[in-house]
Each structure stands twice: as structure tokens, then as C-alpha cells.
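# Residue-level structural notes
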Amino acid sequence: MDSPALGENGIRVRVHAASVNFPDTLIIEGKYQLQPPFPFVPGFEVAGEVVEIAPSVRKFAVGDRVMALTSAGYGGFAEEAITDEESTELVPDGMDYPTATAFYSSYATSYHGLVQRGRLKPGETLLVLGAAGGVGLATIEIGKALGARVIAAAGSDEKRSVASDHGADEVVDYTRGDFREQLRELTCGKGIDVCLDGVGGDAFDHVSRAMNYGGRLLVVGFASGTIPKLPVNLLLLKGYSAVGVYWNTFVRREPELKSANADALARLFTTGQLRPLVAETFGIEDIVAALTAVTKRGTAGKLVVTM
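Keep in mind that what you see is a predicted model, and the values were worked out from it rather than measured. (Residues numbered from 1 in each chain as written. Predicted model: local features only at pLDDT ≥ 70, side-chain atom pairs only at ≥ 80, totals over all residues. Heavy atoms only, no water.)

## Some remarks on the pattern of salt bridges
To keep things clear, this is the line we draw: Each salt bridge in this description consists of a side-chain nitrogen of Lys or Arg and a carboxyl oxygen of Asp or Glu lying within 4 Å of one another. By the criteria applied, helices consist of DSSP H or I runs no shorter than four residues and strands consist of E runs no shorter than two, each listed in order from the N terminus. Type-normalised accessible area, obtained with a 1.4 Å probe on protein chains alone, sets the label of each residue: buried when under 20%, exposed when over 50%, and partly exposed for intermediate values.
Counted according to the given criterion, the structure contains 17 salt bridges. A salt bridge links Asp-169 to Lys-144; the shortest N-O distance between them is 2.9 Å. Placement of Asp-169 in the loop between α4 (157–165) and β8 (170–172) and of Lys-144 in helix α3 (residues 134–145) is noted, with a sequence separation of 25 residues between them. We note a salt bridge from Asp-193 to Lys-190, for which the minimum N-O separation is 3.5 Å. Classification of Asp-193 as buried rests on a relative accessible area of 6%.

## Remarks on the side chain of Glu-141
Cut-off, in case you're wondering: His residues and chain termini do not enter the charge count, which takes Lys and Arg as positive and Asp and Glu as negative. We call two residues in contact when some of their heavy atoms are within 4.5 Å.
Note on placement: Glu-141 falls in helix α3. Of the buried charged residues, Glu-141 lacks a salt bridge, with Arg-275 as the closest side chain of opposite charge at 4.5 Å. Once residues within four sequence positions are removed from consideration, Glu-141 is found in contact with Tyr-107, His-166, Gln-273, Leu-274, Arg-275 and Pro-276.

## Looking at the state of the cysteines
Rules: Criterion for a disulfide: a pair of cysteine sulfur atoms at a distance within 2.5 Å.
Per the counting criterion, the structure on display carries zero disulfides. Looking at the unpaired Cys-188, the closest cysteine sulfur is the one in Cys-195, lying at 18 Å. By relative accessible area, Cys-188 is classed as exposed at 75%. Judged by relative accessible area, which is 0%, Cys-195 ranks as buried.

## Things to note about the layout of surface pockets
Basically, it comes down to this: Any residue with an atom within 4 Å of a point lines the site, the site being either a cavity, points on a 1 Å grid over the protein atoms alone where a 1.4 Å probe fits but cannot get out, or a pocket, an open set with protein on both sides within 12 Å along at least 5 of 7 lines. Grid points are joined across faces, edges and corners, and a volume is the space filled by probe spheres set on the points. Side-chain classes follow a simple rule in which Ala, Val, Leu, Ile, Met, Phe, Trp, Tyr, Cys and Pro form the nonpolar group, Asp, Glu, Lys and Arg form the charged group, and the remainder, Gly included, forms the polar group.
Volume-wise, the second largest pocket comes out at about 360 Å³. If you trace the second largest pocket, you find 15 residues lining it, with Asp-2, Pro-4, Gly-75, Ala-78 and Glu-80 closest to the centre. Taken together, the residues that form the lining of the second largest pocket break down as eight nonpolar, four polar and three charged.

## What about empty space enclosed by the protein?
Applying the stated criterion to the full structure yields two cavities of 30 Å³ or more. In this model, the largest cavity occupies a volume close to 50 Å³. In terms of lining residues, the largest cavity is bounded by Met-67, Phe-103, Tyr-104, Ala-108, Trp-247, Lys-258, Ala-262 and Leu-265. The set of elements that each furnish at least two residues to the lining of the largest cavity consists of α2 (97–117) and α9 (255–270).

## Remarks on the sheet that holds strand β7 (residues 149–153)
Rules: Strand pairing requires that DSSP identify at least two bridges connecting the strands. To obtain an axis, a line is fitted to C-alpha atoms, over the contacting stretch when the element is a helix, and the angle between two such axes runs from 0 to 180 degrees between their N-to-C directions.
The six strands are arranged β8-β7-β6-β9-β10-β11 in an open sheet whose pairing can be described as parallel. Where the open sheet ends on each side, the last strands, each with one partner, are β8 and β11 (241–244). Taking the axes of each pair of neighbouring strands and ignoring which way they run, one obtains an average angle of 20° across the sheet. Relative to β7, strand β6 (residues 125–129) runs parallel, the two sharing five bridges. Note on β7: the bridge partner recorded for Leu-129 is Ala-153. Packed onto the sheet, α2 meets β6, β9 (192–197), β10 (211–219) and β11 and runs at close to 145° relative to β10.

Without other data, these values stay purely geometric and don't point to any function.
Here's what the structure looks like:
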């Protein structure tokens, strides 16, 4: 296959690692907002070395170690990928390429959600649904760094153990018993101040009735496969907000703030407050197995393909 063309403001990256994300599977199934023509190469989050830049590129140079989203939203599971300045950041010092792909979009999504969209304050109670996934673990660690009390919800003993290891103050099984009642007890009846939800489904329904007055329910994704419906009378009666968090749009609309977030995350990493978890690495010949593993939602942390 020929190398992808380098467009205006483009950056060609020799890919060393690419993360495997749930939206990759949705794109393949034609169930995502991005629907590329077949045949195409999946994968949208890569880390590697800059080998070529367009004349207009100023922030990066050939030889830089970078982590990035591909410009097209796919094409990452390959030896080379094309990105652009807005979608690229330098890999923090001391971070290897597989870790960079587990770090970049997950931690950036979480930070944007908690800081810009959720306005999380020290001392508030943060609930993390899907707590053992890439974004979930990032949210636990960033929430703790921002001074919150963190409750992590996950569906297995292994995942709850991982969430505790990454700093959660409390862990809860949202698949058993009365989840809403568990949250009420953990908050002494007050409710949740901020919830980051990448799961949807029944868990969202329970949390929508367990929010505190003035709370912020952050909608990140629907890993359960079910997009829930929110009775808006709950927003009226309980006085909380439902807030969408879509980092890809934020990258394009507010690139300077996105870069400032990346700098803040790099500082938190270098001080040891963030510990991205690469659960398993796959060779490029095992991409099908990696994508299948993501759909089963049985793994804590990120899955990564290495080239």
C-alpha cells in the first residue's frame, strides 16, 4: 500500500504504537458518526516519530516524539499515519510510545471533562462509571489530583481492585443490588457532585436519580451499547446539569486551551500523579484479536498495537 498523502498542515508519523479504542469497533460496524468508505484502515490514536511535515507546520519538527489523533479519524493501524498540528502533542519526558497511546486521548478527555465541562472542585464527590477503562482510570487519577473524593464503579472484582490501586477512595459494583441506594449511603444522602459516565445504559439511569443539587452529570460515551434517555424533569426537580463531553470537537474549536491542558497533564505525569495502564500489547498481525477484546469489555486499562 502506498504511503498516505501529506496535506496542508499535515504531519507524517512513523507509527510505533496505536491504541485500540471502542469507537474503532463502532466505525468498523458503521455505527459511529464517522463512516469512511470501505476498504479502510482502522485506528485513530497513534504515537511515534515525526518523519515529514508540511511547510506550514511550526510547532513540530522531524524527529520529534509525538502522540496524536489521525487527521481522518482512521488509518492508525499502519506503519505511517497522517495527523496535523491541532491533533498532535509531544510525548512527555520519560514516557514510552505504548504508554503515550494509553495516555493521550483518555487523559485529555478526562481532564477536559472534569476541568472545563465539570468544573470539579476540591472536596467534591466524583463518581466514575466504567472506572477500569482507559478514560475511567484517568478520571480517578485526575480527580484525586484535583482534590476530589472519588467513588469508582466497575462490574468485576478485578476491575474494582485496579480502580483502588489507581487511587479510588471507594469502589462499588453497579451491576449488583440497588446501585442508587449504594450511592445514597456512600454520600450520606447528599448525592453525587460530579459523575463522568462513559457507560450509559442502566447505570446512567440510576445515577440520573442520585445526583446532588448543583451537580454535573458528564456524558462521555456508551460502552454498554445502550444510549439512555434522560427524563428532563430530573434536571428541573434535582437542580443538576447534564453536560456533553466530546474531546474531538474541543480539539478543533479550542486548540490553545487543548494544548494548555496537555501541558498540565504532562506535569502531573512527571510528578508521578498519573500512571497510564497498558493492559496488553498486540502485534500488528493480531489487530482482530485486539478489537475483539475491546468489544468484550473485560480488560482494565488500554489495549495497544505495536508496529
